[in-house]
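Residue-level listing of the chains:
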Amino acid sequence: MHIRTPKDWELPESAVTSESLYHLSKRRDFLKALGITAVALGARQAMGATAGFPTKLNPAFHDAALKPTAYDAITSYNNFYEFGTGKDEPRELANRGWKTDPWTVEISGLVDTPIKIEVNDMIGKVGGIEQRVYRFRCVEAWSMVIPWDGFQLSKLLALAGPKADAKFVKFYTFNDPKSAPGQREGNLEYPYVEGLRLDEAMHELSFIATGIYGKPIPNQNGAPLRLVVPWKYGFKNIKSIVKIELTAKQPRGTWEAMQAREYGFYANVNPTVDHPRWSQASERVIGGGLGGRQRTLMFNGYDKQVASLYAGMDLKKFY
Ligand SMILES: Nc1nc2c(c(=O)[nH]1)N[C@H]1C(S)=C(S)[C@@H](COP(=O)(O)O)O[C@H]1N2
Ligand SMILES: [Mo]
């Protein structure tokens, strides 16, 4: 694959560390083909599931030292390739008639009780939603702090009951090329899929977000429900989930399938394991202004909570 160096003027500031430089080079043509100019950006925001609001902060998942990123930055600087490869595209393109309400999720595979459930009903069944403030770290070496609303993933999996031979959890994003221009264009392999080991999925930090800052999650952030695993790189945090499958075999994520050397199955945030094309030792803090860089923390700062999941594993090998 030919990866050319893009010109300054066609790049968002982050592009040196973009998940895929190759895709970025196509971005202008993509926007042009859709008849979209920068002037047209900045649409109204559609929202997903409304059940359970207002939420209460769960103090067990809040570090007062963390300064939440501005709502506007969280909802306008996005990676959601179904709606374009540019950071500013999903806000516009995910709010042009794509319907995220009602929304049904299927849980199947190695479970006692396969289920299909509408998201608002799901929120009732898992006992409602709460707010947690988590660090978020993209593999492209930028970071945010996000107040998510939602519920622990373990509660959702309990509704279906994983069988003894279930060892992994595979997640699928919706597939609807009519609504998603990126899927029409084929800028990735769709549907976007991701996976976790079952014990990772059952960890108390693993979360399903249905909101941000106490409001239903905007479409561009993965309405009406998306995965949040704060100790892993952003691409593991799959958006707009329609299906969850319990499996015996380790699933292969979309990015891993494309470039396994760059995007491993584990994708645990690790400042000592560089991406083949850039260092992971530090990160750009979104909204941090000029010089707003900080050192990247092992497991994105959640090492006390999750290190035991990887005891005895060579993290340079299982990256
Ligand atoms: N379905 C889907 N999920 C996805 C992506 C995507 O392109 N499609 N991008 C991932 C990447 S690379 C990141 S960094 C986060 C970005 O989440 P945010 O836009 O809410 O910050 O979503 C992840 N989940
Ligand atoms: Mo990412």
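Residues numbered from 1 in each chain as written. Chains lettered and ligands numbered in written order. Predicted model: local features only at pLDDT ≥ 70, side-chain atom pairs only at ≥ 80, totals over all residues. Heavy atoms only, no water.

**Observations concerning the packing of aromatic side chains**
No. 1: Within this structure, the stated rule accounts for 21 aromatic pairs.
No. 2: On the basis of an interplanar angle of 75° and a centroid distance of 6.0 Å, the ring pair of F80 and W98 is categorised as edge-to-face. One end of the pair, F80, is in the loop between α3 (71-74) and α4 (89-93); the other, W98, is in the loop between α4 and β1 (104-109), and 18 residues separate them in sequence. For the pair F80 and W98, one class covers both residues: buried. (Phe/Tyr/Trp six-rings, centres within 6.5 Å; stacked < 30°, edge-to-face > 60°. Helix = DSSP H or I, 4+ residues; strand = E, 2+ residues; numbered from the N terminus. Buried < 20%, exposed > 50% of the residue type's maximum accessible area, 1.4 Å probe, protein only.)

**Observations regarding unusual backbone geometry**
No. 1: Here F53 and P54 are connected by a cis peptide whose omega angle stands at 0°.
No. 2: Note on placement: P54 falls in the loop between α2 (27-33) and α3.
No. 3: Residue P191 is bonded to the preceding Y190 through a cis peptide linkage, with omega at 0°.
No. 4: Along the chain, P191 turns up in the loop between α7 (181-185) and β6 (193-197).
No. 5: Residue A267 is not a glycine yet carries a positive backbone phi of 50°.
No. 6: A relative accessible area of 3% places A267 in the buried class.
No. 7: Positive phi values are uncommon outside glycine, yet F299 reaches one of about 50°.
No. 8: As for its placement among the helices and strands, F299 is situated in the loop between β12 (293-295) and α10 (303-306).

**Quick look at the site of ligand 1**
No. 1: Taken together, 17 residues lie near ligand 1, and N78, Y81, E82, T173 and K239 sit nearest.
No. 2: Between ligand 1 and the protein, one listed contact pairs an oxygen atom with a side-chain N or O atom of N78 at 2.9 Å.
No. 3: Between N237 and ligand 1, the recorded distance is 3.0 Å, taken from a backbone N or O atom to a nitrogen atom.
No. 4: Considering ligand 1 on its own, with 530 Å² of exposed area, one finds that the protein chains cover 100% of that surface.
No. 5: Partitioning the shell around ligand 1 into residue classes produces seven nonpolar, six polar and four charged. (Near = heavy atom within 4 Å. Polar contact = N/O pair within 3.5 Å; in protein donor to acceptor, adjacent residues only side chain to side chain. Areas by Shrake-Rupley, 256 points an atom, 1.4 Å probe, with all protein chains shown as cover. Nonpolar A, V, L, I, M, F, W, Y, C, P; charged D, E, K, R; others polar.)

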